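If you want the building blocks of each chain, they are given just below.
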Amino acid sequence: MADFIRQSGGYAVIDGGLATELERHGADLNDPLWSATCLIHSPDLIRRVHLDYLEAGASIIITASYQATIQGFEAKGLSREEAEVLLRRSVEIACEARDIYHERCAKGTCLEQRPILVAASVGSYGAYLADGSEYSGHYGAAVTLETLKDFHRRRVQVLAESGADLIAFETIPNKLEAKAYAELLDEENIKIPAWFSFTSLDGINVVSGDSLIECASIADSCKQVVAVGINCTPPRFIHGLILLIQKVTTKPVVIYPNSGETYDGVRKEWVKSSGVQDGDFVSYVSKWREAGASLFGGCCRTSPHTIRAISMTLSSYLQ
């Protein structure tokens, strides 16, 4: 990751919200599989959104596998083999988008030729439950470390062997799940690197109330983890969270906040608030860069317009 960041000029841009864009293009995501339902019904739409983000300046695109779990696909009536095919397909679609973008560059019709990574997304156990617990981290006493490892194990194995450049463990809501991921990476001898990205509602702890510093320390101690950071968190908290993470790791810091709106996990809808406009990300990015972050993008409710604003801001530092 450090080499990739250097090749990118010192900073790299991640893509933005996937579900937001899929819905904008007409996808119906009212399903427990959320954006992963498009792997079944409209893979071309996923590829289109990946390309939109590449055209906006993203150098890392994240696959549509956040809510794609073997257990979730089986609940829809698919076989385990079919579920694993769809997991691999999520990576293939992103790789196809990258190939198309590079072909456009070769013809002189793209923004710029640059290194591009495909990150295979792994969402939390709570994302599979689709009951809002991914936003609280409260899974109940019956869910143990072994429960989480058993749940994630095969998905991580499949994604690690799918052709992705790295695994993005996203929206991690508690320390227990971070520990499960770290142990899985070691136990399964996963060969590709990973990043751990946590979520916070108070600017100090992860959403479960666990200490962010303790969670980041778990990531720092895992040799496969090459970046540590925050996603799906209001932009106003990011600066302080970067400083907290840097107290326990020297690994690159990755940040991709949401728009600042609040998600109601019970009603399954976004609640209007003082969401950040695309232009406002410009001032935030400058502060995050000065605080020490290296990888910048957007999460829920952000768009290619947001990513273009981030990319243009970072490009100005490279001139």
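No experiment lies behind these values; they were computed from the predicted model shown. (Residues numbered from 1 in each chain as written. Predicted model: local features only at pLDDT ≥ 70, side-chain atom pairs only at ≥ 80, totals over all residues. Heavy atoms only, no water.)

Student: It is not clear to me how the UniProt feature "binding site: Zn(2+)" (unreviewed entry) in the protein should be interpreted in this structure. Could you clarify?
Tutor: Summarizing the sequence annotation, UniProt attributes the feature "binding site: Zn(2+)" (unreviewed entry) to Cys232, Cys299 and Cys300 in the numbering used throughout. Across 69 residues in sequence, these annotated residues keep their C-alpha atoms within 6.3 Å of one another, forming a single compact spot. Mapped onto the elements of the fold, cysteine 232 is located in the loop between strand 6 (225-231) and helix 11 (238-245). With residues near it in sequence (within four places) discarded, cysteine 232 still touches Tyr135, Thr171, Thr199, Tyr256, Pro257, Asn258, Cys299 and Cys300. Considering the arrangement of structural elements, one finds cysteine 299 in the loop between strand 10 (295-296) and helix 13 (304-318). We classify cysteine 299 as buried; its relative accessible area is 11%. Residues within four places of cysteine 299 in sequence aside, it is in contact with Gly16, Gly17, Asn231, Cys232, Tyr256, Pro257 and Asn258. (UniProt positions renumbered as here; feature names shortened; annotations may be inferred. Helix = DSSP H or I, 4+ residues; strand = E, 2+ residues; numbered from the N terminus. Contact = heavy atoms within 4.5 Å. Buried < 20%, exposed > 50% of the residue type's maximum accessible area, 1.4 Å probe, protein only.)

Student: Explain the packing of aromatic side chains here, please?
Tutor: Here the structure, examined in full by the defined rule, presents 11 aromatic pairs. The interplanar angle of 80° and the centroid separation of 5.4 Å between the aromatic rings of phenylalanine 169 and phenylalanine 196 together place this pair among those described as edge-to-face. Taken as a pair, phenylalanine 169 in strand 4 (residues 166-172) and phenylalanine 196 in strand 5 (residues 194-198) lie far apart in primary sequence, 27 residues in all. The exposure class assigned to phenylalanine 169 is buried, which follows from its relative accessible area of 1%. Given the relative accessible area of 0%, phenylalanine 196 is considered buried. Ring-pair connections join several aromatic residues into one group, and the members of that group are Tyr125, Tyr128, Tyr139 and Phe151. (Phe/Tyr/Trp six-rings, centres within 6.5 Å; stacked < 30°, edge-to-face > 60°.)

Student: Can you help me understand the pattern of salt bridges in this one?
Tutor: For side chains of opposite charge, pairing can occur when their charged atoms come near one another. Following the criterion strictly, the structure yields 20 salt bridges and no others. When the shortest N-O distance is used, the salt bridge between lysine 76 and aspartate 31 registers 2.6 Å. Of the two residues, lysine 76 is situated in the loop between helix 5 (70-75) and helix 6 (80-106) and aspartate 31 in the loop between helix 2 (18-24) and helix 3 (37-41); the sequence distance between them amounts to 45 residues. By relative accessible area, lysine 76 is classed as partly exposed at 42%. Of the charged contacts, one joins arginine 89 and glutamate 92 as a salt bridge, the two residues approaching to 3.3 Å between their closest N and O atoms. Of the two residues, arginine 89 and glutamate 92 both sit in helix 6, three residues apart, roughly one turn of that helix. With relative accessibility at 22%, the residue arginine 89 sits in the partly exposed group. Classification of glutamate 92 as partly exposed rests on a relative accessible area of 37%. By sharing partners, the salt bridges in this structure join Glu146, Lys149, Asp150, Arg153, Glu183, Glu187 and Glu188 into a single network. (Salt bridge = Lys/Arg side-chain N within 4 Å of Asp/Glu carboxyl O.)

Student: What's the story with the sheet that holds strand 7 (residues 253-256) in this structure? I'm lost.
Tutor: Strand pairing in a sheet is mediated by backbone hydrogen bonds. Such pairs are either parallel or antiparallel. The eight strands lie next to each other as 1-10-7-6-5-4-3-2, forming an open sheet whose pairing is parallel. Two strands lie at the open edges of the sheet, namely strand 1 (12-13) and strand 2 (60-62), each paired on one side alone. Direction of pairing for strand 1 relative to strand 10: parallel, over a ladder of two bridges. Note on strand 10: the bridge partner recorded for alanine 12 is leucine 295. Running at roughly 170° to strand 3 (residues 117-122), helix 8 (residues 145-160) makes contact with strand 3 and strand 4 of the sheet. (Pairing = 2+ DSSP bridges. Axes fitted to C-alpha atoms, helices over the stretch in contact; angles between N-to-C directions.)

Student: Quick question: what am I supposed to make of the nonpolar core here?
Tutor: In this structure, Leu22, Leu39, Ile167, Phe169, Phe196, Phe198 and Phe296 are the most contacted members of the largest nonpolar core, which totals 83 residues. Per-element tally for this core: the top contributor is helix 6, with 10 residues. Not counting residues within four places of it along the chain, the set of residues in contact with isoleucine 167 comprises Ala120, Val122, Val156, Ala160, Ile190, Ile192, Pro193, Ala194 and Trp195. Ranked by size, the runner-up nonpolar core spans 20 residues in total, among them Ile5, Ala119, Trp195 and Cys300. (Core = buried A, V, L, I, M, F, W, Y, C linked by side-chain atoms within 4.5 Å.)

Student: Can you help me understand the packing of helix 8 against helix 9 (residues 175-187) in this one?
Tutor: Between two packed helices, the angle of one axis relative to the other and the distance separating the axes together describe the packing. Between helix 8 and helix 9, the shortest axis-to-axis distance is 9 Å and the interhelical angle comes to 50°. In terms of orientation, helix 8 and helix 9 fall into the oblique class. Where helix 8 crosses over helix 9, the two elements pack in a sense that is right-handed. On the side of helix 8, the interface is formed by Leu145, Leu148, Lys149, His152, Arg153 and Val156, while helix 9 contributes Leu176, Glu177, Lys179, Ala180, Tyr181, Glu183, Leu184 and Glu187. Tallied by class, residues from the contact of helix 8 with helix 9 come to seven nonpolar, one polar and six charged. (Parallel < 35°, antiparallel > 145°, perpendicular 65-115°, else oblique. Left-handed = near helix turned anticlockwise from the far one by under 90°. Nonpolar A, V, L, I, M, F, W, Y, C, P; charged D, E, K, R; others polar.)

Student: Would you explain the side chain of serine 133 in this entry?
Tutor: Turning to its location among the elements, serine 133 is positioned in the loop between helix 7 (125-129) and helix 8. Taking the relative accessible area as the measure of exposure, serine 133 reaches 6% and is therefore buried. At a separation of 2.6 Å, a polar atom in the side chain of serine 133 contacts the side chain of aspartate 131. If we ignore the near neighbours within four places in the chain, the residues touching serine 133 are Gly126, His138 and Tyr139. (Polar contact = N/O pair within 3.5 Å; in protein donor to acceptor, adjacent residues only side chain to side chain.)

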